[in-house]
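Here's the letter readout for the chains.
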Amino acid sequence: LQIRHVIRSRMDSKEIVDTIFALEKVYKPIVFSLEDGAIAKSIGPFLYDEMPRRNVFPNLLLIVPSKDKIQRAQSIRARMRAAYGQAVALERADPKKVVVMGYCFGGTSALELARSGVALSGTASFHGGLATPNPEDAKRIQGRVLVMHGAEDPYVPNQEVEAFKDEMLKGHVAMEFIAYPGAV
């Protein structure tokens, strides 16, 4: 795993497109992968309009997202554990003070890392998916869990929310769940 560039920002579609072109200029990646769904629909029109205007044509790979959240979660764990291993191996890292947090797919990934049983002080998920292939894995979670959820999120139905809460309760996880009314 090699991280070349990390962006922590809330951007609109145009700003994301500008960032893709800036990254293309700096790193000249072999490929940019985009989710062929909401993300591609959101930035696609801006991106495709800008390509000929800037005479820059990033190699885009559209990836069809799995509709099966449980299947997707299994592969997430392996990738997150690998990233965790790299992070705690850093000289300046204190493995006893690791917190993982993520937004949307990152929130799902943070929860899956916690369920894998690695040593975490805490886990925070913002607008993440909550389903998991093995709810019994909640017993492996170390540290506290904070979930901030949009109560109107169409991708995380109430059945998934209730199953998650039940999973955390049965796993004896110190968890706080905040649902924001009217938010997705």
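Everything below is about the structure printed above this text.
Everything numeric here is computed off the predicted structure, so don't read it as measured data.

Novice: Just to check I follow, could you spell out the overall build of the chain for this structure?
Specialist: Check the secondary structure of the chain and you find 5 helices and 6 strands. The order of α-helices and β-strands along the chain, N terminus first, is α-β-α-β-α-β-α-β-β-α-β. Each of the three principal axes of the chain carries a C-alpha extent, and together these read 55 × 45 × 25 Å. The 184 residues of the chain split such that 35% are buried. Considering only contacts in the chain between residues 6 or more positions apart, those separated by 24 or more positions represent 62%. Looking at the chain as shown, the accessible area adds up to about 11700 Å², and 56% of this sits on carbon and sulfur atoms.

Novice: It is not clear to me how the packing of aromatic side chains should be interpreted in this structure. Could you clarify?
Specialist: Aromatic rings considered in pairs are described by the distance between their centres and by the relative angle of their planes. Considering all chains together, one arrives at 1 aromatic pair under this definition. Ring centres 6.2 Å apart and planes at 45° place the aromatic pair phenylalanine 164 and phenylalanine 177 in the tilted group. Linking phenylalanine 164 in helix H5 (residues 158-170) with phenylalanine 177 in strand S6 (residues 175-180), this pair joins segments that are 13 residues apart in sequence. The exposure class of phenylalanine 164 is buried, given its relative accessible area of 1%.

Novice: Just to check I follow, could you spell out the side chain of aspartate 137 for this structure?
Specialist: Position of aspartate 137 relative to the elements: it lies in the loop between strand S4 (122-126) and strand S5 (144-150). Relative accessible area serves as the criterion here: at 11%, aspartate 137 is assigned to the buried category. What aspartate 137 contacts, discounting residues up to four positions off in sequence, is Arg77 and Arg115.

Novice: It is not clear to me how the sheet that holds S5 should be interpreted in this structure. Could you clarify?
Specialist: Backbone hydrogen bonds are what pair the strands of a sheet, in a parallel or an antiparallel way. As summarised here, the arrangement of the 4 strands in space is S3-S4-S5-S6, forming an open sheet in which the pairing is parallel. If you trace the sheet from one side to the other, it starts and ends with strand S3 (99-103) and S6, each paired once. Averaged over neighbouring strand pairs, the angle between their axes works out to 5° when direction is ignored. Judged from the 6 bridges that link them, S5 and S6 form a sheet pairing that is parallel. When the bridges of S6 are listed, methionine 148 appears paired with isoleucine 178.

Novice: When you look at helix H4 (residues 105-115) in this model, what are you seeing that I'm missing?
Specialist: Along an α-helix, residues three or four positions apart point the same way, because every turn accommodates 3.6 residues. Along H4, 9 of the 11 residues are buried, which leaves the element largely enclosed by surrounding structure. The complete set of buried residues in H4 reads Gly107, Thr108, Ser109, Ala110, Leu111, Glu112, Leu113, Ala114 and Arg115. Backbone geometry just downstream of H4 places glycine 117 in the positive-phi region, at approximately 95°.

Novice: Please explain the nonpolar core as it appears in this structure.
Specialist: Core analysis: the largest hydrophobic core is formed by 20 residues, its most contacted members being Leu120, Leu130, Ile141, Val147 and Phe164. Elements with a minimum of two residues in this core: H4, S5 and H5. Of the residues forming this core, the biggest block, 4 residues, is contributed by H4. Counting residues in hydrophobic clusters, the runner-up holds 10 residues, among them Ile20, Phe21, Leu34 and Leu47.

Novice: Any chance you could explain a nonpolar patch on the surface here in plain terms?
Specialist: A surface patch of nonpolar side chains, about 380 Å² in accessible area, is lined by Ile30, Val31, Leu61 and Ile63. Tracing the backbone through its elements, the reader meets isoleucine 30 in the loop between helix H1 (13-27) and strand S1 (32-35). Accessibility expressed as a relative area gives 75% for isoleucine 30, which makes it exposed.

Rules of the game
- Residues numbered from 1 in each chain as written.
- Predicted model: local features only at pLDDT ≥ 70, side-chain atom pairs only at ≥ 80, totals over all residues.
- Heavy atoms only, no water.
- Helix = DSSP H or I, 4+ residues; strand = E, 2+ residues; numbered from the N terminus.
- Buried < 20%, exposed > 50% of the residue type's maximum accessible area, 1.4 Å probe, protein only.
- Contact = heavy atoms within 4.5 Å.
- Areas by Shrake-Rupley, 256 points an atom, 1.4 Å probe, with all protein chains shown as cover.
- Phe/Tyr/Trp six-rings, centres within 6.5 Å; stacked < 30°, edge-to-face > 60°.
- Pairing = 2+ DSSP bridges.
- Axes fitted to C-alpha atoms, helices over the stretch in contact; angles between N-to-C directions.
- Core = buried A, V, L, I, M, F, W, Y, C linked by side-chain atoms within 4.5 Å.
- Patch = residues over 30% accessible without salt bridge, like charges linked within 9 Å, V, L, I, M, F, W, Y side chains within 5 Å.
- Salt bridge = Lys/Arg side-chain N within 4 Å of Asp/Glu carboxyl O.

The quantities given are spatial measurements derived from coordinates; they are silent on function.
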